Amino acid sequence: MSQYVVSPPPVAAIPVRGTSATFPLRRVYCVGRNYVEHIREMGNDERNPPIFFQKPADALVLDGGEVPYPSQTKDFQHEVELVVALKSGGTDIAPENALGHVFGYAVGLDMTRRDLQSRTGKPWEIAKAFDHSFPCGEIATAEEVGHVEKGAIELKVNGETRQSSDVDLLIWRLPEIIANLSTLFELKAGDVILTGTPHGVGPVERGDRLEASVAGLPGLTVTIV
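Residues numbered from 1 in each chain as written. Predicted model: local features only at pLDDT ≥ 70, side-chain atom pairs only at ≥ 80, totals over all residues. Heavy atoms only, no water.

Visitor: Mind laying out the overall build of the chain, listing which residues take part and the relevant values?
Guide: If you tally the helices and strands in the chain, you get six helices and 18 strands. Over its C-alpha atoms the chain spans a radius of gyration of 17 Å, differing by no more than 12% from the 17 Å that the globule rule assigns to 225 residues. For the C-alpha atoms alone, the extent of the chain along its principal axes is close to 45 × 45 × 35 Å. Among the 225 residues that make up the chain, the fraction classed as buried is 48%. Considering only contacts in the chain between residues 6 or more positions apart, those separated by 24 or more positions represent 75%. The centroid of the 21 positive side-chain charges in the chain is displaced by 4 Å from the centroid of its 30 negative side-chain charges. (Helix = DSSP H or I, 4+ residues; strand = E, 2+ residues; numbered from the N terminus. Rg over C-alpha atoms; globule rule 2.2 N^0.38 Å. Buried < 20%, exposed > 50% of the residue type's maximum accessible area, 1.4 Å probe, protein only. Contact = heavy atoms within 4.5 Å. Lys, Arg positive; Asp, Glu negative; His and termini not counted. Charge placed at Lys NZ, Arg CZ, Asp CG, Glu CD.)

Right under this line is the structure:
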């Protein structure tokens, strides 16, 4: 029987609403540039397709948690997003079959060191994939809420609305996102996908309270410390 030379890290996992069960994280995929108004506010060409990047699973911060203000940045920004959690996967998934792989949905935040993103361009690891960069609320199962095709998505900072839009304004719809990702990676159970942020992204400071929501899903509240 093999033995580890160091203790293996704990499994990052997201609670599932209404149960004592948790959803174990395998990979965290993210979609950039997937709302037209956000593309415009960032000065990018809206004719370009969205891009994909990843965050580490252990960047997860659960509802009610604290997000330390990260090092090496003076422009720490919020991005609220709909999160899709997969119960199965594969490669070259057809769009018409994609939603059959979805376990459920949550609201999450893609926290970003914006000044490092601007300076470094692609790839975006130091701007996007740092510690505590993925706050996420509880998952609501697709069986409970259906598939999220529309609904208000919002982010408040200290009670003031910063981002407000609707999921039906996604450029790439959920089946297209899953299908396209599966041509680049073998998707598996435990993967989650952050589907892109609407316009209104902006900076946060220590002490700020962030409240993220997508209609019909459990909310998410974290504090910057």
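Moving on, there is more to tell.
Visitor: Please set out the pairing of strand 13 (residues 152-157) residue by residue, giving values where relevant.
Guide: Of the two faces of strand 13, the one lined by I153, L155 and V157 is fully buried and the one lined by A152, E154 and K156 carries no buried residue. In this sheet, strand 14 (residues 160-166) lies alongside strand 13 in antiparallel orientation, the contact comprising six bridges. When the sheet's bridge partners are listed, V157 is paired in strand 14 with E160. With five bridges connecting them, strand 13 and strand 17 (residues 209-214) associate as antiparallel partners. By the bridge assignment, V157 is partnered in strand 17 with L210. (Pairing = 2+ DSSP bridges.)

Visitor: Hey, could you go over the sheet that holds strand 18 (residues 220-224) for me, with residue numbers and the actual values?
Guide: Here five strands make up an open sheet; going across it, the order is 6-18-17-13-14 and the pairing mixed. Two strands close off the open sheet at either side, each with one partner strand: strand 6 (66-67) and strand 14. Across two bridges, strand 6 lies against strand 18 in parallel orientation. Residue pairing across strands places V67 opposite I224, the latter belonging to strand 18.

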